[in-house]
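# Descriptive structure summary
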Amino acid sequence: MANKTRVIAFYLPQFYPTPENDEWWGPGFTEWTNVAKARPLFRNHYQPRIPGELGFYDLRLPSVREQQAQLARIAGIEGFCYWHYWFGNGKRLLDRVFAEVVESGSPDYPFCLCWANHSWYAKTWDKTKKNVLLIEQTYPGREDYVMHFNEMLPAFKDKRYIRVNGKLLFGIFAPQDMPDAKLFMDTWNQLAAENGLGGFEFFGFAQGDDYLKRFGDVKFDRIVYDAFRDVDNANKSTLYSKTIGSRKKHWFNIPLTIDYDFYTERAFQFFKEHPEYTPCIDPDFDHTPRSGAGWVAMKNSTPQKWGEFCAKVNQLVQERPDDILFVKAWNEWGEGNYLEPDMKFGRGYINEMAKVFNKD
């Protein structure tokens, strides 16, 4: 019997050069630039992470996108949720990949969008120094929301676009930052109705309880909840982090670490206690390619542990009326947060997912 859980994986399009990234970071910059320069910062730290069969790919190549879809199918993933960048007044970044997917009709693989509505900064990861603003996220109002909708209308009309409860699934990454989220959603639902699309299933993306508290009175159709920051906060409150961790980070330039078992146990307990949220689970996390020792890294994640975590969360989801599960992420290599094959584990994470989500 086929697994009924609908698994959707977040997808990062930043694997091809753009004029803006060339200007900000140097010619030819892509996410691979950070990945390739990463180095181990503590004992048994798994860095650098070298891609496996897909190599250091360029997402402008249709053949790469087709290979990704084939691998995701093996894992039992229903579709990709592409991070989508719209900064206001028609300004977009990293839009080429998704535009080509829509225009070409290939790969024939489901998709949806999550608006990554945040400003971009050149971050120092040093609290004594200021980050440099690269491009600001703005919210000009209803006219801009209409422009935004019309720009994405070909995607919304595409048969591959993922629907939930008969509606188009669309996420907002940082709802707490929007001054008028209700206006945005009301406008888009109205435009969807006018275009015969049946409306949207809007989700707010919550990165921990502290984020959720800042959503205010805006009501979403669902909350997609990534418990990683809750786990990070719990980890920091342990005796180790209080007495040793922060000192080691300061003196020896190593990041605070979270054991993967600690993450899976705490995250699962949270999802069990909060059936009102749609779970978002992480195969791993290591921000050091981007931030060095400035943030946090998980350790001891393996395909087997990931498979066990998937099985537990899958059972939890199947016991509920709602059957959606998000994974973060398919290819966030700069955060050590990916399912794609690498040189160490090969297809290990994909194959473990297949055992859970791709049963015949």
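Structure shown above.
The following paragraphs examine the structure supplied in this document. (Residues numbered from 1 in each chain as written. Predicted model: local features only at pLDDT ≥ 70, side-chain atom pairs only at ≥ 80, totals over all residues. Heavy atoms only, no water.)

## Focus: the side chain of Thr5
This is how the line gets drawn: Numbered from the N terminus, helices here are DSSP runs of H or I no shorter than four residues, and strands are runs of E no shorter than two. In protein, a polar contact requires one atom able to donate a hydrogen and another able to accept it; more generally it is a pair of N or O atoms within 3.5 Å, and residues adjacent in sequence count only if both atoms are side-chain atoms. Any two residues having at least one pair of non-hydrogen atoms within 4.5 Å are treated as being in contact.
Tracing the chain through its elements places Thr5 in the segment before β1 (6–11). Looking at Thr5, its side chain comes within polar contact range of the side chain of Asn314, at 2.5 Å. Leaving out residues up to four positions away in the same chain, Thr5 has contacts with Asn314, Val317, Gln318, Asp323, Leu325 and Phe357.

## Section: the nonpolar core
Threshold: Side-chain atoms within 4.5 Å are what join buried Ala, Val, Leu, Ile, Met, Phe, Trp, Tyr and Cys residues into a set we call a nonpolar core. Exposure is judged per residue with a 1.4 Å probe applied to protein chains only, and the accessible area is read against the type maximum: over 50% gives exposed, under 20% gives buried, and values in between give partly exposed.
Counting 116 residues, the largest nonpolar core has Phe156 and Phe170 as the members making the most contacts within it. Beyond its immediate chain neighbours, meaning those up to four positions away, Phe156 contacts Leu113, Phe149, Tyr161, Leu168, Phe170, Trp188, Leu197 and Phe200.

## Re a nonpolar patch on the surface
Put simply, the rule reads: Here the term patch refers to residues with relative accessible area over 30% and no salt bridge, with like charges joined within 9 Å and nonpolar side chains (Val, Leu, Ile, Met, Phe, Trp, Tyr) within 5 Å. Accessible surface area values rest on a Shrake-Rupley calculation with a 1.4 Å probe, where residue burial reflects the displayed protein chains alone. Here a salt bridge means any side-chain nitrogen of Lys or Arg lying within 4 Å of a carboxyl oxygen belonging to Asp or Glu.
A contiguous nonpolar patch, built from Ile50, Phe56 and Met343 and spanning about 310 Å² of accessible area, is present on the exposed surface. Residue position: Met343 is located in the loop between β16 (337–338) and α13 (348–357). Note on Met343: relative accessible area 62%, which makes it exposed.

## Some details on the packing of helix α12 (residues 303–318) against α13
We apply this condition: To obtain each axis, a line is fitted to C-alpha atoms, and for helices this fit is confined to the stretch in contact; angles are then taken between N-to-C directions over 0 to 180 degrees. Any angle that falls under 35 degrees is termed roughly parallel, while one over 145 is termed roughly antiparallel, one within 65 to 115 roughly perpendicular, and all others oblique. Left-handed describes a crossing whose near helix is turned anticlockwise from the far helix through less than a right angle; right-handed describes the clockwise counterpart. Lys, Arg, Asp and Glu make up the charged group, whereas Ala, Val, Leu, Ile, Met, Phe, Trp, Tyr, Cys and Pro make up the nonpolar group; the residues left over, Gly among them, are polar.
Across the interface, α12 lies against α13 with an axial gap of 8 Å and an inter-helix angle of 25°. One element, α12, and the other, α13, form an angle in the roughly parallel class. As for how α12 packs across α13, the hand of that crossing is right-handed. Of α13, the residues touching α12 (which contributes Pro303, Gln304, Trp306, Gly307, Cys310, Ala311 and Asn314) are Gly348, Tyr349, Glu352, Met353, Val356 and Phe357. Broken down by class, the residue content of the contact of α12 with α13 amounts to 8 nonpolar, 4 polar and 1 charged.

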